[in-house]
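An overview of the molecular structure
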Amino acid sequence: MATLTLYKMDGSETGKIELNDDIFGIEVNQNAVHETVKNYLANQRQGTQSAKTRGEVRGGGAKPYRQKGTGRARQGSRVAPNFVGGGIVFAPKPRDYRYSLPKKVKRLAMLSVLTSKVNENEMIVIDELAFEGPKTKEMVKFLSAVGAAKKALIVTAGKDESVVKSASNIPGVETTYVGRMNAYEIINHTTFIVTKEAVEKIEEVYSA
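Residue indices begin from 1 for each chain and proceed along its sequence in written order. Totals for whole chains, interfaces and linings use all residues, but because this is a predicted model, local features are given only for residues with pLDDT of at least 70 and pairs of side-chain atoms are given and counted only at 80 or more. Remark: hydrogens and water are excluded; side-chain values derive from all non-hydrogen atoms of the structure.

Let us look at the pairing of strand 4 (residues 152-156). Any residue under 20% of the maximum accessible area for its type is buried, any over 50% is exposed, and the rest in between are partly exposed; the area is computed with a 1.4 Å probe on protein chains only. The helix and strand labels rest on DSSP assignments: H or I over at least four residues marks a helix, E over at least two residues marks a strand, and numbering proceeds from the N terminus. For strand 4, the buried fraction is high: five of the five residues fall into the buried class. With burial as the criterion, each face of strand 4 is covered, one bearing A152, I154 and T156 and the other bearing L153 and V155. Strands are treated as partners if at least two bridges between them are detected by DSSP. Pairing geometry for strand 4 and strand 5 (residues 173-177), over five bridges, is parallel. Within the sheet, the bridge partner assigned to T156 lies in strand 5 and is Y177. What joins strand 4 to strand 5 is helix 5 (residues 161-167), and the crossover it makes is right-handed. Note: strand 4 against strand 6 (residues 191-195), four bridges, orientation parallel. Each bridged residue has a counterpart across the sheet, and for A152 the counterpart in strand 6 is T191. Handedness rule for crossovers: strands pointing away from the viewer, path from the first strand over the helix to the second running clockwise, crossover right-handed.

This part is about the environment of A109. Locating A109 in the fold gives a position in helix 3 (residues 103-119). Assessed through its relative accessible area of 0%, A109 is described here as buried. As for A109 and I17, which are separated by 92 residues in sequence, their C-alpha atoms are 23 Å apart. Residue contacts are defined here by distance: any two heavy atoms, one from each residue, within 4.5 Å place the two residues in contact. Not counting residues up to four positions away in its chain, the partners in contact with A109 are A32, V33, T36 and A183.

Two strands pair when backbone bridges link them, and strand 1 (residues 2-7) and strand 2 (residues 13-19) are joined in this way by six bridges, in the antiparallel orientation. Its bridge partner being in strand 2, T5 is matched across the sheet by K16. Remark: five residues form the turn of the hairpin made by strand 1 and strand 2, two consecutive strands paired antiparallel; G11 in that turn has positive phi of roughly 90°.

Glancing now at the pattern of salt bridges. By definition here, a salt bridge exists when the distance from a side-chain nitrogen of Lys or Arg to a carboxyl oxygen of Asp or Glu is within 4 Å. By the definition in use, this model includes four salt bridges. Between E35 and K38 there is a salt bridge; the shortest N-O distance is 3.6 Å. Residue E35 and its partner K38 are both found in helix 2 (residues 30-44); the two are separated by three residues, about one turn of the helix. The partly exposed category is assigned to E35, whose relative accessible area is 23%. A relative accessible area of 41% means that K38 is categorised as partly exposed. Between E161 and K159 there is a salt bridge, with its nearest N and O atoms 3.6 Å apart. By relative accessible area, E161 is classed as partly exposed at 39%.

Pasting the structure below:
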């Protein structure tokens, strides 16, 4: 089993924690990660783009100029795509980009990114993360104490408003909880900070 150092909020060591190899020590599957990230980003797209085809542009009823004798190419309508203000060829229309992936692929991707964070020494486990209230200064102090990079993802076992609000004004720092975390967020942040309770919850949720 992989063993990581357990830290307090002040950055001091308080022990060790053993991680389940079935979750944090698998063979990384890059293809599953790629497919899952692509799916996540596609599902975030609004799909509200829209442009008019030549059939939807107003006007175009009269021929712009006579067929012959002008020295110019013949034209039948001002709304043709080659005219300024004309219609758009293959105009984009509103559409839904969402699609689903098999649960097994998404699970494999999650285990792969969790393993990669351990392998790359980018995972920091905190014994307990608690703030008396929303304190940005305290969160900055905590991140500095544990040596977090500028882009850090903080994961708690459940939603913690104090943690969320304390980190909300810090650029590059995001928060989430076990039930909402996804593979894209994890690999998109350099440092993966997770509480001991959250590790136990992850192992409970993703245990075979």
